[in-house]
Amino acid sequence: MNINDVDHFVVTRINMGMYASTPKSFLNTLEAKNRYMKARLPVIRKYHITSMKYQTDKNFKVIWIVDDKTPEVFVRKIEEMSKEIDATIIFDKWPDGENIVEGNCLAGNWLEKFKPMIKSENVAITRLDSDDAVTNNFISVIKGYFEEPPVCIDFWRRLTIDTRGRLFLLQAIPQNTARCTPTVTCIEKTVDLKTPFLGSHFKLSKIFPVKIYDDLVWCKRENRPPTSRLISHLKESRLEDIKGFEGLGF
């Protein structure tokens, strides 16, 4: 397939539904939500913005989904940060009384605002969490695997950086399964758009065909790596010492 016939978007949820709902978690008070946002914004700048800013392939567009009930003090900061990577902010109106969970990310109105941005017959949407880092060739690697839609593109392995800065190599997807990760990319016909947010990412194989590749292109922040997925503790002491992450300042 001709990659020039595909509009490619990286869609990141900054705080979808967080202020508009009351999840049964530590984010169940306004004070807790504000503390979370204050701590989260520097993480977004360090990992997400840096990863997007230094991509070798610039032919993609970043979309940020922001709860439309986010306090103005954070909205101003988010808008300033978005300018660093020319990200388009979609303020998502979340339905009253519905808590945000992994499988209901289309419950708000962001998708109807997003659809007019697509100009091509085909669209690729990369789902990327706001605290994950990716290699500087992440976009070009994904495009190398573009094929006729519908299809999901994903990767067997990933890195983890823990709270002490230690690096680990992990199995991102259980072998012999087609479960998708949080960095999955879906290629679809624009007229039949479902998006990788239609359901939980690990259930997308029930909706789309999935192709999984060996490239090591993303790193997840975690308190500690899950032992069931651990491949090795890496000798490198800095993320930027690993191929693809060099020069990103991690």
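The sections below set out a description of the structure shown in this document. Owing to the predicted nature of the structure, the values given are computational and were not obtained by experimental measurement. (Residues numbered from 1 in each chain as written. Predicted model: local features only at pLDDT ≥ 70, side-chain atom pairs only at ≥ 80, totals over all residues. Heavy atoms only, no water.)

Turning our attention to the pairing of strand 8 (residues 167–171). Within strand 8, four of the five residues are buried, which leaves the element mostly enclosed by the surrounding structure. Inspection of the sheet shows strand 7 (residues 157–161) paired to strand 8 by five bridges, in the antiparallel sense. Each bridged residue has a counterpart across the sheet, and for Leu159 the counterpart in strand 8 is Leu169. Counting the residues between successive antiparallel strands, the hairpin from strand 7 to strand 8 contains five residues, one of them, Gly165, with a positive phi of roughly 85°. Looking at chain direction, strand 8 and strand 12 (residues 230–233) are connected through three bridges and run antiparallel. (Buried < 20%, exposed > 50% of the residue type's maximum accessible area, 1.4 Å probe, protein only. Helix = DSSP H or I, 4+ residues; strand = E, 2+ residues; numbered from the N terminus. Pairing = 2+ DSSP bridges.)

The next subject is the sheet that holds strand 2 (residues 61–67). Taking strand neighbours across the sheet as the criterion, the seven strands line up as 3-2-1-4-9-6-10 in an open arrangement whose pairing is mixed. Lying at the two open borders of the sheet, with one neighbouring strand each, are strand 3 (88–92) and strand 10 (210–213). Neighbour-to-neighbour, the strand axes of this sheet turn through a mean angle of 25°, independent of strand direction. When strand 6 (residues 151–155) meets strand 10, the two strands line up parallel, connected through four bridges. Across the sheet, the residue bridging to Cys152 is Val210, located in strand 10. In the packing of helix 1 (residues 30–53) onto the sheet, contacts are made with strand 1 (6–13) and strand 2, and the angle to strand 2 comes to roughly 150°. Contacts from helix 2 (residues 72–82) reach strand 2 and strand 3 within the one sheet, and its direction differs from that of strand 3 by about 150°. (Axes fitted to C-alpha atoms, helices over the stretch in contact; angles between N-to-C directions. Contact = heavy atoms within 4.5 Å.)

A few words now on helix 2. Those residues of helix 2 not exposed but buried are Phe74, Val75, Ile78, Met81 and Ser82. Each buried residue of helix 2 sits inside an arc of 130° when the element is viewed along its axis, so together they form one side. In this fold, the buried residues of helix 2 make contact with helix 1, strand 2 and strand 3. (Arc of directions from axis to C-beta.)

Considering all chains together, one arrives at 21 salt bridges under this definition. Of the charged contacts in the structure, one is a salt bridge between Arg13 and Glu102, with a shortest N-O distance of 3.5 Å. Here Arg13, found in strand 1, pairs with Glu102, found in the loop between strand 3 and helix 3 (110–114); they are 89 residues apart in sequence, far enough to count as distant. Since its relative accessible area comes to 28%, Glu102 is described here as partly exposed. Notably, a salt bridge pairs Glu236 with Lys235, separated by 3.5 Å at the nearest N-O pair. Owing to a relative accessible area of 24%, Glu236 belongs among the partly exposed residues under this scheme. In the salt-bridge network here, residues are joined through shared partners; they are Arg13, Glu102, Arg127 and Asp129. (Salt bridge = Lys/Arg side-chain N within 4 Å of Asp/Glu carboxyl O.)

This brings us to the packing of helix 1 against helix 2. Closest axis-to-axis distance for the helix 1/helix 2 pair is 11 Å, and the angle between their directions is 0°. As the angle between them shows, helix 1 and helix 2 are arranged roughly parallel. On helix 2, the residues that touch Asn34, Met37, Lys38, Leu41, Ile44, Arg45 and Ile49 of helix 1 are Phe74, Lys77, Ile78 and Met81. Across the contact of helix 1 with helix 2, the residue classes tally to seven nonpolar, one polar and three charged. (Parallel < 35°, antiparallel > 145°, perpendicular 65-115°, else oblique. Nonpolar A, V, L, I, M, F, W, Y, C, P; charged D, E, K, R; others polar.)

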